[in-house]
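# Chain and residue survey
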Amino acid sequence: MAKSSLSFVCQNCGAAYNRWQGKCESCGEWNTLAEEDTTGATTIPVSARSKRKGRLFNLESLTGKSADAPRIPSGMAELDRVTGGGFVRGSVLLIGGDPGIGKSTLLTQATSLMARAGHRVVYISGEEAVAQVRLRAERLGLSDASVQLASETSVEDIVATLSEGAVPRLIVIDSIQTMWTDTVESAPGTVTQVRASAQALIRFAKKSGATIILVGHVTKDGQIAGPRVVEHMVDAVMSFEGEGSQQFRILRAVKNRFGPTDEIGVFEMTGLGLREVSNPSELFLSDRDLGSPGTAVFAGMEGTRPVLVELQALVAPTTLGTPRRAVVGWDSNRLSMVLAVLEAHCGVKLSGYDVYFNVAGGLRINEPAADLAAAAALVSSLCNAPLPTDAVYFGEISLSGAVRPVAQTSARLKEAAKLGFARAVLPESARGDAGGDAGLTLGSVGGLTTLVADIAARGVKPTRENAGRDNSKSTAGDKNTAPARFKRGEG
């Protein structure tokens, strides 16, 4: 019989060490090493493993056909958009999100809709009792759906129960951190237990053809708790994002073997659960503050869906030695690059100003096409010059100050025209891809200097009191002398 082997395993990344230490050298976290039995009950001696011969298995061609449909729609269009058209049979998905964000609510609605469509659906909760799940279903008005419920944490018992009778089409495990298996001797929630439990459930899904959704906890920095190897084992990893102060919820695919990873599903949290938002642009622009300086509408793309969102910027004189840069919803490095290009090539002196940047609605933007809209919002706030309320902006800014074209120009313009916008500011080289059916007035810019000059010309005119004042000697907080800041060679 093999001798038990103890080691210290990091509960954040899964790295193993021979002795305890305060800091994990792999991920850099402190006080995350816990003593675990890494041998387990299924360890086979080396002499026995060396005598075992491999078994023969059949090889199949790519032209084989399956009698069942390759995908099963969930009944929620936004969820099917993120998964790539529905759940693939035999696939395993991992959904993570902050506590209370709505993961259980989303899965309760999805399982109820699939059960109403005639599929066998099983919901297994390791954190809540069956009565608590029923209360949630009653609140959502889904108590009449024939979803099979259970409160169980043993993986062996779960697999044995699901193997009886017809194979379920969808199985929800809420959550994977509460599951445990007899093959390893560790507490539930540890790295070893999470990895072994996920492996057993994945093996059952591949053999039976059932789709399994694993709910995962997240750490304080937003990463899914447990070893990262679980994310590599599953077929898709999805993140349910949102802020408690806002009603918007966004489902985003981080990894997807059977679909795209750049699609998003938008939901609105209501008293009756999550409501699908078929037109996110109209929702994100519903509370716009028209005519305010420092706001610009960005025509972006999330996968194949065009999304219009408002970008907000505030440029204020600083009282600190180092100006502050605060960003919400956008890459802070991208903002630093845009500020550097504005100062180096356009003469915009922002070294004495604090810059605050926000993406309205809680959406996070990742594409570089937002550079032009961000620059327009920054210059508008600095000059106190409101941008046209019926204009959208998109384009990538290079380090030389040129505005580069972006993909899917026609789709961005069609979405803007559908929401009532009349003009669009886009790269000059993208006019040929705009198409003639959008019906928008196109204002093309070849360089960032042209855009800055146009916005600065709309700045607040000097009043009678400061009409004779020299603009080059104005104070840092004087908004009426904004055009003078764009003269090269002046600070």
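Every value quoted in this text rests on a predicted model; they were computed, and no experiment measured them. (Residues numbered from 1 in each chain as written. Predicted model: local features only at pLDDT ≥ 70, side-chain atom pairs only at ≥ 80, totals over all residues. Heavy atoms only, no water.)

### Digging into empty space enclosed by the protein
Applying the stated criterion to the full structure yields 4 cavities of 30 Å³ or more. For the largest cavity, the calculated volume is near 70 Å³. Residue lining of the largest cavity: 13 residues in total, with Arg-288, Thr-295, Leu-387, Pro-388 and Thr-389 positioned closest to the centre. Among the secondary structure elements, those contributing two or more residues to the lining of the largest cavity are strand S15 (295–302) and strand S19 (391–393). If you tally residues by element for the lining of the largest cavity, the top one is S15, at 3 residues. Looking at the lining of the largest cavity residue by residue, the class counts come to 7 nonpolar, 4 polar and 2 charged. (1 Å grid on protein atoms, 1.4 Å probe; cavity = no way out; pocket = protein on both sides within 12 Å on 5 of 7 lines; lining within 4 Å. Points joined across faces, edges and corners; volume = space filled by probe spheres on them. Helix = DSSP H or I, 4+ residues; strand = E, 2+ residues; numbered from the N terminus. Nonpolar A, V, L, I, M, F, W, Y, C, P; charged D, E, K, R; others polar.)

### A closer look at the pairing of strand S17 (residues 325–328)
Pairing of S17 with strand S18 (residues 353–359), which is carried by 4 bridges, proceeds in the parallel orientation. Along S18, the bridge assignment pairs Ala-326 with Tyr-356. The handedness of the S17 to S18 crossover, carried by helix H9 (residues 332–345), is left-handed. (Pairing = 2+ DSSP bridges. Right-handed = clockwise from strand over helix to strand, strands pointing away.)

### With respect to the packing of helix H10 (residues 371–383) against helix H12 (residues 448–457)
Geometrically, a packed helix pair is captured by the angle between its two axes and the distance between the axes. Taken N-terminus to C-terminus, the directions of H10 and H12 make an angle of 35°; their axes are 9 Å apart at the nearest point. For the pair H10 and H12, the sense of crossing is right-handed. Where H10 approaches H12, its residues Leu-372, Ala-375, Ala-376, Val-379, Ser-380 and Cys-383 are matched on the opposing element by Leu-448, Leu-451, Val-452, Ile-455 and Ala-456. (Axes fitted to C-alpha atoms, helices over the stretch in contact; angles between N-to-C directions. Left-handed = near helix turned anticlockwise from the far one by under 90°. Contact = heavy atoms within 4.5 Å.)

### Here we look at the pattern of salt bridges
If the charged atoms of two oppositely charged side chains come close together, the side chains can form a pair. Inspection of every chain in the model, using the stated rule, returns 14 salt bridges. Arg-252 is the salt-bridge partner of Glu-241, the closest N and O atoms lying 3.6 Å from each other. On the criterion of sequence distance, the pair formed by Glu-241 in strand S11 (residues 236–242) and Arg-252 in strand S12 (residues 248–256) is long-range, its members being 11 residues apart. Classification of Glu-241 by relative accessible area gives partly exposed; the value is 28%. Residue classification places Arg-252 among the buried positions, given a relative accessible area of 12%. Each of Lys-206, Asp-235 and Arg-257 takes part in a single network of salt bridges with overlapping partners. (Salt bridge = Lys/Arg side-chain N within 4 Å of Asp/Glu carboxyl O. Buried < 20%, exposed > 50% of the residue type's maximum accessible area, 1.4 Å probe, protein only.)

### Considerations on the environment of Pro-368
Structurally, Pro-368 can be placed in the loop between S18 and H10. Here Pro-368 falls in the partly exposed class, since its relative accessible area comes to 32%. Pro-368 sits 36 residues away from Arg-404 along the chain, and the two C-alpha atoms are 9.9 Å apart. Ignoring anything within four residues of it in the chain, the contact list for Pro-368 reads Arg-334, Gly-395 and Glu-396.

### Some points on the sheet that holds strand S9 (residues 170–174)
Two orientations exist for strands paired in a sheet by backbone hydrogen bonds: parallel and antiparallel. Pairing in this open sheet of 9 strands is mixed, and the strands run S8-S7-S9-S10-S6-S11-S12-S13-S14 from one edge to the other. A single partner strand is all that each edge strand has here, and the edge strands are strand S8 (148–151) and strand S14 (273–276). Neighbour to neighbour, the strand axes of the sheet diverge by 25° on average, direction disregarded. Bridge count for strand S13 (residues 264–270) against S14 is 4 bridges, and the pairing is antiparallel. Residue pairing across strands places Phe-267 opposite Glu-276, the latter belonging to S14. Sitting on the sheet, helix H4 (residues 130–139) touches strand S7 (121–125) and S8, and the angle it makes with S8 is about 140°.

### Some thoughts on the packing of aromatic side chains
This model, assessed by the stated rule, comprises 3 aromatic pairs. Here Phe-248 and Phe-284 contribute two aromatic rings whose centre-to-centre distance is 5.5 Å and whose plane-to-plane angle is 80°, an arrangement assigned as edge-to-face. Of the two residues, Phe-248 sits in strand S12 while Phe-284 sits in helix H8 (residues 280–284), which places them 36 residues apart along the sequence. Measuring from centroid to centroid gives 5.1 Å for Trp-330 and Phe-357, while their planes differ by 35°, and the two rings are tilted. (Phe/Tyr/Trp six-rings, centres within 6.5 Å; stacked < 30°, edge-to-face > 60°.)

### Regarding the nonpolar core
Core analysis: the largest hydrophobic core is formed by 69 residues, its most contacted members being Leu-342 and Leu-448. The contact partners of Leu-342, leaving out residues within four places of it in the chain, are Gly-347, Val-348, Leu-350, Ala-375, Leu-378, Val-379, Leu-448 and Val-452. Of all hydrophobic cores here, the second largest spans 29 residues; its members include Leu-107, Leu-170, Val-172 and Ala-253. (Core = buried A, V, L, I, M, F, W, Y, C linked by side-chain atoms within 4.5 Å.)

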